[in-house]
Amino acid sequence: MPLVQLARRTELVARLAETWVRRPPTPTRLVLDVTRRCNLRCSMCRTWEAPAGHELTVAEIGAIVDQLPRLCWLDVTGGEPFLRGDAEALLLEIARRARALGVLHFPTNGWFEARVVAACEAIVRARPDLDLIVTVSVDGPEALHDRMRGREGAYRRAIGTLRRLRELAGVQVYVGTTITRDNQGAMGALREALGRELPGFRAGEHHLNWLQVSGHFFRNEGAAPPEPPAGLVQEHLARRGPPRGLVELMELVFLVNREFVGRGEAAGVPCQALRSAAFVSPEGLLYPCHVYDRPLGDLRERPFAELWSSEHVLKARSEIEALACGGCFTPCEAYPALAGAPAATLRQTARRALTLAGEAIRGR
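Everything quoted here is computed from the prediction, not taken from an experiment. (Residues numbered from 1 in each chain as written. Predicted model: local features only at pLDDT ≥ 70, side-chain atom pairs only at ≥ 80, totals over all residues. Heavy atoms only, no water.)

1. Concerning the packing of aromatic side chains
Two numbers describe a pair of aromatic rings. These are the distance of the centres and the angle of the planes. One pass over the full model with this rule turns up 7 aromatic pairs. Measuring from ring centre to ring centre gives 5.5 Å for Phe217 and Phe279, while their planes differ by 70°; the resulting arrangement is edge-to-face. With a gap of 62 residues between them, Phe217 in the loop between strand 6 (206-210) and helix 8 (232-240) and Phe279 in strand 7 (residues 277-280) connect regions that are remote in the sequence. Here the two residues Phe217 and Phe279 agree in accessibility, since each one is buried. Taken together through their ring pairs, the aromatic side chains of Phe217, Phe218, Phe279 and Tyr287 make up a single cluster. Positioned above the aromatic ring of Trp308 is the side chain of Arg23, whose terminal nitrogen or guanidinium carbon lies 4.1 Å from the ring centre. Across from the ring centre of Trp73, 5.4 Å away, lies the NZ or CZ of Arg29, which sits over that ring. (Phe/Tyr/Trp six-rings, centres within 6.5 Å; stacked < 30°, edge-to-face > 60°. Helix = DSSP H or I, 4+ residues; strand = E, 2+ residues; numbered from the N terminus. Buried < 20%, exposed > 50% of the residue type's maximum accessible area, 1.4 Å probe, protein only. Lys NZ or Arg CZ within 6 Å of the ring centre and 35° of its normal.)

Printed below as a string of structure tokens:
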């Protein structure tokens, strides 16, 4: 690992470590939703039905980033971010101005291959020290994916973008699959399809998520949760093998704990929403996270630090600690929770991993 990247990783850990002992004056991790627009019509997400809003401009996003000197982990999301004609400029503005940033991640449906590739190349040139992570959504074999995504050709576009991105140095590329009732029985077929389409593809490059309901983000109230077949997580864990980096380690820890949350256990790891993490809508509204529908203020009208320390936000944080939000264990919130509470994470993960190992031995 180059020395500059090693130094950045060390700084990232130090930034995260601050949240182990106190609530920082501004977030260290942010989910930034840059558009509600999407060119697909996914069965599990209705964000594209939202009325067109006044999206934050590149300059406004840059000004928000300037107010977050501790920001070391940023997820840029949508809608489809690359429907914005200024998506590359937006990502570059963030990369250049967020000097403490160690991890920059964005998901894409992969439709706009040339735009995605050009943006990644530009970011790598501007900030070679960043961990640049791209997740391309693929929810099933071709026919199923296109049906779930509501547009013929979506699968082939996603695969084309994956192939191009996998050729780029300095970019970590993952396939992201949202498990719903539509595809919960198709994971084996999807695994075989990815193996054919992407030579050398490993299970460790495949990120699994479970459908999550969110009024303000996905706009999918009433969506039925999936009921995946027993053993899905255990099989995926066995295929992944030892992690090959921090991202794969985090995914491994998430999957072990997600299996037991799915069995009805409490996560046992405190949420970081409004302690070290937050969500910003395309219009500049501050939310605790992408799930809790609790708008807290307008960043076009008030500075971030002022909102972050306001009585209104601190009250919302108390509600989250009491699980008045309902609680969740979706990756967007689980990852910072796991990183923000290492003792609880280690304790819960070790216990649950031993349980899974025992079950595997007894099942042989």
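2. Quick look at helix 5 (residues 142-149)
Within helix 5, the full set of buried residues consists of Leu144, His145, Asp146, Met148 and Arg149. Against strand 4 (131-137), helix 6 (154-166) and strand 5 (171-179) lie the buried residues of helix 5. Gly150 sits one or two positions beyond helix 5 and adopts a positive phi of about 75°. (Contact = heavy atoms within 4.5 Å.)

3. Concerning helix 9 (residues 246-262)
Between its terminal C-alpha atoms helix 9 stretches 24 Å, which fits the 24 Å expected from 17 residues at 1.5 Å a residue. Turning to helix 9, its buried residues number three or more, namely Glu248, Glu251, Val253, Phe254, Leu255, Val256, Asn257, Arg258, Glu259 and Phe260. Structurally, helix 9 contributes buried residues whose contacts are with strand 5, strand 6, helix 8, helix 12 (331-340) and helix 13 (342-363). (Expected span 1.5 Å × (residues − 1).)

4. A word on the pairing of strand 4
Most of strand 4 sits out of view: 7 of its 7 residues are buried. Here 6 bridges tie strand 3 (residues 103-108) to strand 4, and the two strands are oriented parallel to one another. Looking at strand 4, one finds that Thr108 is bridged to Val136. Bridge analysis of strand 4 against strand 5 gives 6 bridges, and the strand direction is parallel. Along strand 5, the bridge assignment pairs Ile133 with Gln172. (Pairing = 2+ DSSP bridges.)

5. A few points about a nonpolar patch on the surface
On the surface, a cluster of nonpolar side chains totalling about 320 Å² of accessible area is made up of Val13, Trp20 and Val21. Counting through the fold element by element, Val13 comes out in helix 1 (residues 3-21). (Patch = residues over 30% accessible without salt bridge, like charges linked within 9 Å, V, L, I, M, F, W, Y side chains within 5 Å. Areas by Shrake-Rupley, 256 points an atom, 1.4 Å probe, with all protein chains shown as cover. Salt bridge = Lys/Arg side-chain N within 4 Å of Asp/Glu carboxyl O.)

6. Notes on the pairing of strand 7
Residues Ala277 and Phe279 point to one face of strand 7 and Ala278 and Val280 to the other, with burial holding for every one of them. Taking the residues between adjacent antiparallel strands as the criterion, strand 7 and strand 8 (residues 285-287) are bridged by 4 residues, where Gly284 takes a positive phi near 95°.

7. Focus on the side chain of Thr47
On the secondary structure map, Thr47 appears in the loop between strand 1 (29-33) and helix 2 (58-66). According to the relative accessible area criterion, Thr47 is buried, its value standing at 3%. Setting aside residues up to four positions removed in sequence, Thr47 forms contacts with Arg36, Gly79, Phe217, Phe218 and Arg219.

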